[in-house]
Amino acid sequence: MKKDLIRKDRKKEHIEYSLKSTYESDTLFKDIYIEHNSLPDLNLYEINGGTSFLGKNIKYPIMINAMTGGTKFSQEINRNLSKIAKNYGIPMAVGSQTIALRDKESYNSFKIVRETVGEKAVVIANLSAQASLEDVKFSMDLIDADAIQLHLNPAQELVMKEGDRDFKGVLKNIGKIVSNIEEPVIVKEVGFGISKDVAQRLYDIGIRYIDISGKGGTNFIEIENRRDDEIDFSDIYSWGIPTALSLIHCRSISEDLNIISSGGIRTSLDILKSLVVGANVVGIGGQILKELIEGGYEVANSYMEGLIYKLKILMLLTGSKNIEELKKLPYKIKGELKDLI
Ligand code: FNR
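A.B. asks: Would you take a moment to explain the nonpolar core for this structure?
C.D. replies: The nonpolar side chains of a soluble globular protein tend to be buried, and buried together. In terms of nonpolar packing, the biggest core is built from 86 residues, with Ile 210 and Met 304 touching the most fellow members. Here this core gets 8 residues from one element, more than from any other, and that element is helix H12 (residues 297-316). Contact partners of Ile 210, with chain neighbours within four places excluded, come to Ile 186, Val 187, Ile 194, Ala 199, Leu 202, Cys 250, Leu 257, Asn 258, Ile 259 and Ile 260. Formed by 13 residues, the second largest nonpolar core is a distinct cluster that contains Ile 58, Met 63, Ala 93 and Val 122.

A.B. asks: Can you help me understand unusual backbone geometry in this one?
C.D. replies: Among all residues save glycine, negative phi is the norm, and among peptide bonds the norm is trans. A positive phi angle, close to 70 degrees, is found at Leu 28, a residue other than glycine. When you line up the elements, Leu 28 lands in the loop between helix H1 (2-20) and strand S1 (32-33).

A.B. asks: Explanation requested: the pattern of salt bridges in the structure shown.
C.D. replies: One side chain can pair with another of opposite charge once the charged atoms of both are near each other. Enumeration according to the criterion identifies 15 salt bridges in this entry. A salt bridge links Arg 79 to Glu 76, with the shortest nitrogen-to-oxygen separation between them at 3.2 Å. Of the two residues, Arg 79 and Glu 76 are both situated in helix H2 (residues 72-88); the distance of 3 residues between them amounts to about one turn of the helix. Of the residues examined, Arg 79 reaches a relative accessible area of 30% and is grouped as partly exposed. Between Glu 294 and Lys 290 there is a salt bridge whose closest N-O contact spans 3.4 Å. Separated by 4 residues within a single helix, Glu 294 and Lys 290 lie in helix H11 (residues 286-295), roughly one turn from each other. Exposure remark for Lys 290: the relative accessible area of 30% places this residue in the partly exposed category. Each of Arg 10, Glu 13, Glu 162, Glu 224 and Arg 227 takes part in one network of salt bridges that share partners.

Here is what the cut-offs are and how they apply
- As a convention, each chain's residues are numbered from 1 in the sequence order in which they are written.
- In view of the model being predicted, local features appear only for residues whose pLDDT reaches at least 70, and side-chain atom pairs are presented and counted only at 80 or more, with totals across whole chains, interfaces and linings using the full set of residues.
- Only hydrogens and water are set aside when side-chain values are computed; all heavy atoms of the structure are taken into account.
- Think of a nonpolar core as a cluster: buried Ala, Val, Leu, Ile, Met, Phe, Trp, Tyr and Cys residues, connected wherever their side-chain atoms sit within 4.5 Å.
- Each residue is assigned to one of three classes by its accessible area relative to the maximum for its type, calculated with a 1.4 Å probe on protein chains only: buried under 20%, partly exposed between the two thresholds, exposed over 50%.
- Each helix corresponds to a stretch of at least 4 residues labelled H or I by DSSP, and each strand to a stretch of at least 2 residues labelled E; elements are numbered beginning at the N terminus.
- For this analysis, residues touch if any pair of their heavy atoms sits within 4.5 Å.
- Counted as salt bridges are all cases of a side-chain nitrogen of Lys or Arg within 4 Å of a carboxyl oxygen of Asp or Glu.

So, in structure tokens, the structure goes:
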């Protein structure tokens, strides 16, 4: 019981401190160059952002990433975020459902997402990669999920005072889950990036979806550090693989690896660059949460509307009328990103 209370408080603190974060890190998308096309033979109103994802059609290759659930406060957040997902026909993942494994009162905070978006939309469940097969099935059933995200967050756990310290057997556990459920399994980071080696090990056990969640946005070393002043971790805030680097490395593994580019995605240019470099879908977390909490539903909704409108403009300015054409565009890598590849 006490553990559940700590978990609920922690969830609220994560939101609070994610908004207060001050450390600025870089996705390195600035080092990706895409050429302007001043003679596009296109009409803006015919630009099509549609694609398929997890067996369903989505209107734009953008998703609202896993953030919250469990309390009344997070139910309200999930209600608003899922209204935005519905407005634009995009997927949404719920935050970790660990709390729902023990606390029935938390169910509605997760179920609200499926109820709001309807059965045709993509909704994704979320648990730790250490979860049992039974817990995965339960979490997916609760929200009639199209897929499960299993999060890898060793950096966060190690900085969290009450966090896990033992990460043995995680790959084996993911292997057990992926070979025992029919629905897709997405393995995700939470802001420190997935390396080529990790992506290859996941691919080798059957994972075909990864969410790279690289460095450049939400920083859980900073968030956890702000929750506890026993040890100061501010000198390791820069840890992690920048999102653009993680994306390029993971993309080189196989064409049939579906990649969600996330971690520090804030602008339409970040989305465009992610797609050109090879992401299938682009995930947004901290920035839309900030728009929602600081500005309210209308502001967060306008933010998404603006992202989509400007993505279409940028697609036109590259001469691409759809996502397939966008993916074929050449790009150049410069600066720090080039040195790291
Ligand atoms: C998260 N994230 C997250 N991820 C996950 O798999 N399960 C979770 O429960 C949470 N919870 C959570 C809470 C809050 C407040 C934030 C801001 C984020 C991580 C999230 O899905 C994403 O991977 C990272 O935040 C990186 O993306 P952004 O925030 O930089 O766009």
